[in-house]
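Residues per chain, in single letters:
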Amino acid sequence: MPVLVMKFGGTSVANLDRIRRAAKRVGVEVAKGYDVIVIVSAMSGKTNELVGWVNETSPLYDAREYDAVVSSGENVTAGLMALTLQEMDVPARSWQGWQVPVKTTAAHSAARIEEIPSENINAKFAQGMKVAVVAGFQGLSPEGRITTLGRGGSDTTAVAFAAAFDAERCDIYTDVDGVYTTDPRIASKARKLDKIAFEEMLELASLGAKVLQTRSVELAMRYNVKLRVLSSFEEQSDDAGTLVCAEEEIMESNVVSGIAYSRDEAKMTLISVADRPGIAAAIFGPLSEAGVNVDMIIQNIAEEGRTDMTFSCPTDQVARAEKALQDAQDRGEINYHDLVADTDVAKVSAVGIGMRSQSGVAALMFKTLSNEGVNIKVIATSEIKISVLIDRKYMELAVQALHDAFELHKAA
Ligand code: ADP
Ligand code: ASP
Ligand code: MG
């Protein structure tokens, strides 16, 4: 039988009614003759609640126990989805990550999937089971402990299963009907894209567009998985939603294809650091060991042997970063006067493959922000993206203004 992977995100399984509605969609595909692997997220809000409990209990938590707690939301929905399908007379069984097993690295809270053996599930399909419901977001470390794949990780579970089972397609059912030029909840003029290139989706995702987890796009690109994003709230035709595909499959696209934002950024500045060869390694080594994901970096020109070093990282890693730098200072590895954290910033980015061949995108971006009176604090560029760090209160304004300036409401 051909295999189809269907993933339902948090809002799509938010209560028993929605689980029933999702199960009906699964039933439609089973009736077409597919063996279906359903990947479920936790009910919406559940993972945030679990994360909150962990933080309240232990601010600098042991990541193994974080994973033990936050992975649990998916277990509930997997069992409920299997029961719902059984009630509809669809033979179904649930699996938690460790039962498959979804083998991952030991990088707790940000583990990567290494292997998904297909024997267990295939044996059940061979016996007449039609749907395997798998708890997303979770796996098993080499030490035999539960891991999680980072926030939004059920998308990655879904794509990894699609690759492992050679699925015909991986459908990501969510609360919007596809990938838009920007978050439709922020810009009413956002336009749904019929297709988006892997590279662009990868950048948008890594810059904050949470509709797909970055790693899921990476895997889809590597294993050439046919990946589609669509709404779980509407009746769906076979070409509904957005197809994430190779660049060659897209005839025309705008120079800038999307605007992404990330709300939870912090800007940290080490003031007056003693400048010497190796100082960057002495600062960023300990940060990396502490699990801080440093994004943008600027080092000012040194004066009299001292300099300021600024970097950005997710807001929830500020405490970790402060501790790592203070410890390095105490060990005498670095020497700074002060550490200032600005937690009221956001990152806004323009993404487009067209930037490779067209100049002027950065200029238009900076002019647009300047017209709106938005001050740019840090800039970072790569071949197909430009990102700026700005005050968080201007984030939505900046997204809308850039969406207008690049005329993203119009198709190419
Ligand atoms: P799920 O719970 O189904 O995994 P998520 O909340 O993780 O859903 O992702 C879907 C959300 O992503 C949408 O509700 C939307 O607000 C947001 N989003 C951000 N950028 C985009 C974009 N470019 N296109 C579509 N949705 C986007
Ligand atoms: N429940 C997890 C989260 O909220 C994983 C997911 O939904 O993809 O991050
Ligand atoms: Mg998600």
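Just above, that's the structure.
Thresholds applied
Residues numbered from 1 in each chain as written. Chains lettered and ligands numbered in written order. Predicted model: local features only at pLDDT ≥ 70, side-chain atom pairs only at ≥ 80, totals over all residues. Heavy atoms only, no water. Helix = DSSP H or I, 4+ residues; strand = E, 2+ residues; numbered from the N terminus. Rg over C-alpha atoms; globule rule 2.2 N^0.38 Å. Buried < 20%, exposed > 50% of the residue type's maximum accessible area, 1.4 Å probe, protein only. Areas by Shrake-Rupley, 256 points an atom, 1.4 Å probe, with all protein chains shown as cover. Lys, Arg positive; Asp, Glu negative; His and termini not counted. Charge placed at Lys NZ, Arg CZ, Asp CG, Glu CD. Salt bridge = Lys/Arg side-chain N within 4 Å of Asp/Glu carboxyl O. Near = heavy atom within 4 Å. Polar contact = N/O pair within 3.5 Å; in protein donor to acceptor, adjacent residues only side chain to side chain. Pairing = 2+ DSSP bridges. Axes fitted to C-alpha atoms, helices over the stretch in contact; angles between N-to-C directions. Contact = heavy atoms within 4.5 Å. Disulfide = S-S within 2.5 Å. Nonpolar A, V, L, I, M, F, W, Y, C, P; charged D, E, K, R; others polar. Core = buried A, V, L, I, M, F, W, Y, C linked by side-chain atoms within 4.5 Å. Phe/Tyr/Trp six-rings, centres within 6.5 Å; stacked < 30°, edge-to-face > 60°.

## Regarding the overall build of the chain
No. 1: Along the backbone of the chain there are twelve helices and 18 strands.
No. 2: Its C-alpha atoms give the chain a radius of gyration of 23 Å, within 12% of the compact-globule value 22 Å for 412 residues.
No. 3: For the chain, the C-alpha atoms occupy an extent of roughly 75 × 50 × 35 Å along the three principal directions.
No. 4: When each of the 412 residues of the chain is scored for burial, the buried share is 50%.
No. 5: Carbon and sulfur atoms provide 47% of the accessible area of the chain, an area that totals close to 18,500 Å².
No. 6: When the 42 positive and 57 negative side-chain charges of the chain are each reduced to one mean point, those points stand 4 Å apart.

## A short note on the pattern of salt bridges
No. 1: Per the stated rule, a full pass over the model turns up 24 salt bridges.
No. 2: Linking K323 and D327 is a salt bridge whose minimum nitrogen-to-oxygen distance equals 2.9 Å. Here K323 pairs with D327, and both are found in helix 10 (residues 318-330), just four residues apart, close to one helical turn.
No. 3: Owing to a relative accessible area of 42%, K323 belongs among the partly exposed residues under this scheme.
No. 4: A residue is classified by how much of its surface remains accessible, and D327, at 27% relative accessible area, is partly exposed.

## With respect to the site of ligand 2
No. 1: As a structural note, the neighbourhood of ligand 2 is formed by S41, A42, T47, E74, F137, R151, G152, G153 and S154.
No. 2: Contact distances for ligand 2 include 2.8 Å between a nitrogen atom and a side-chain N or O atom of T47.
No. 3: The protein chains hide 87% of the 260 Å² of surface that ligand 2 would expose on its own.

## Observations concerning the sheet that holds strand 1 (residues 3-8)
No. 1: Taken in spatial order, the eight strands make up an open sheet running 3-6-2-1-9-11-12-10, and their pairing is mixed. Bordering the open sheet on either side are strand 3 (92-95) and strand 10 (195-197), each of which pairs with just one other strand. Along the sheet, successive strands turn relative to each other by an average axial angle of 20°, direction set aside.
No. 2: For strand 9 (residues 169-174) and strand 11 (residues 227-231), the ladder comprises five bridges, and the chain directions are parallel. Counted as the bridge partner of D171 is R228 from strand 11.
No. 3: Those strands touched by helix 5 (residues 119-126) are strand 2 (35-40), strand 3 and strand 6 (131-135), and its axis lies near 155° from that of strand 6.

## With respect to the state of the cysteines
Put plainly, a disulfide is one covalent bond tying together the sulfur atoms of two cysteines.
No. 1: Evaluation of the coordinates by the stated rule reveals zero disulfides.
No. 2: Cysteine C170 remains unbridged, with the sulfur of C245 as its closest cysteine sulfur at 15 Å.

## Quick look at helix 7 (residues 198-206)
No. 1: In terms of residue burial, helix 7 counts as a mostly covered element, since seven of its nine residues are buried.
No. 2: Buried residues of helix 7: F198, E200, M201, L202, E203, L204 and A205, and no others.
No. 3: Following helix 7 by one or two positions, G208 adopts a phi angle in the positive range, close to 125°.

## A closer look at the site of ligand 1
No. 1: Around ligand 1, the surrounding shell holds 16 residues, and the nearest of these are T174, D175, Y180, D183 and R185.
No. 2: Measuring from an oxygen atom of ligand 1, one finds a side-chain N or O atom of D175 at 2.8 Å.
No. 3: Side-chain polar atom of D183 to an oxygen atom of ligand 1: 2.8 Å apart, as the coordinates give it.
No. 4: When ligand 1 is considered free in solution it has 580 Å² of accessible area, and contact with the protein chains removes 89% of it.
No. 5: A per-class count over the shell around ligand 1 returns six nonpolar, five polar and five charged.

## Here we look at the environment of I271
No. 1: You can see I271 is positioned in strand 13 (residues 258-274).
No. 2: The spacing of I271 and L339 is 68 residues in sequence and 6.0 Å in space, taken between C-alpha atoms.
No. 3: With sequence-adjacent residues up to four places away left out, I271 is seen in contact with T307, D308, Y336, H337, D338 and V340.

## Focus: the nonpolar core
No. 1: Among the nonpolar cores identified, the biggest contains 44 residues, and V5, I37, I121, F161, C170 and M201 are the most heavily contacted of them.
No. 2: Grouped together as the second largest cluster of nonpolar side chains are 25 residues, F8, V30, Y34 and A92 included.

## Quick look at unusual backbone geometry
No. 1: With an omega dihedral of -10°, the bond running from V100 to P101 counts as a cis peptide bond.
No. 2: In this fold, P101 is placed in the loop between strand 3 and strand 4 (103-104).
No. 3: Even without glycine at this site, D166 takes up a positive phi of about 50°.

## A few points about the packing of aromatic side chains
Aromatic ring pairs are described here by two measures, namely the spacing of the ring centres and the angle between the planes.
No. 1: A full pass over the atoms with the stated rule returns four aromatic pairs.
No. 2: Taken together, a centroid distance of 4.9 Å and an interplanar angle of 15° make the contact between F8 and Y173 stacked. Taken together, the residues F8 in strand 1 and Y173 in strand 9 connect sequence positions 165 residues apart. With respect to burial, F8 and Y173 carry one shared label: buried.
No. 3: With a centroid separation of 5.8 Å and 10° between ring planes, the pair formed by F161 and F165 is classed as stacked.

## Some remarks on the pairing of strand 11
No. 1: Burial analysis of strand 11 places five of its five residues in the buried class, the great majority of the element.
No. 2: With burial as the criterion, each face of strand 11 is covered, one bearing L227, V229 and S231 and the other bearing R228 and L230.
No. 3: Judged from the three bridges that link them, strand 11 and strand 12 (residues 242-245) form a sheet pairing that is antiparallel. Opposite L227, over in strand 12, you have V244 as the bridge partner.

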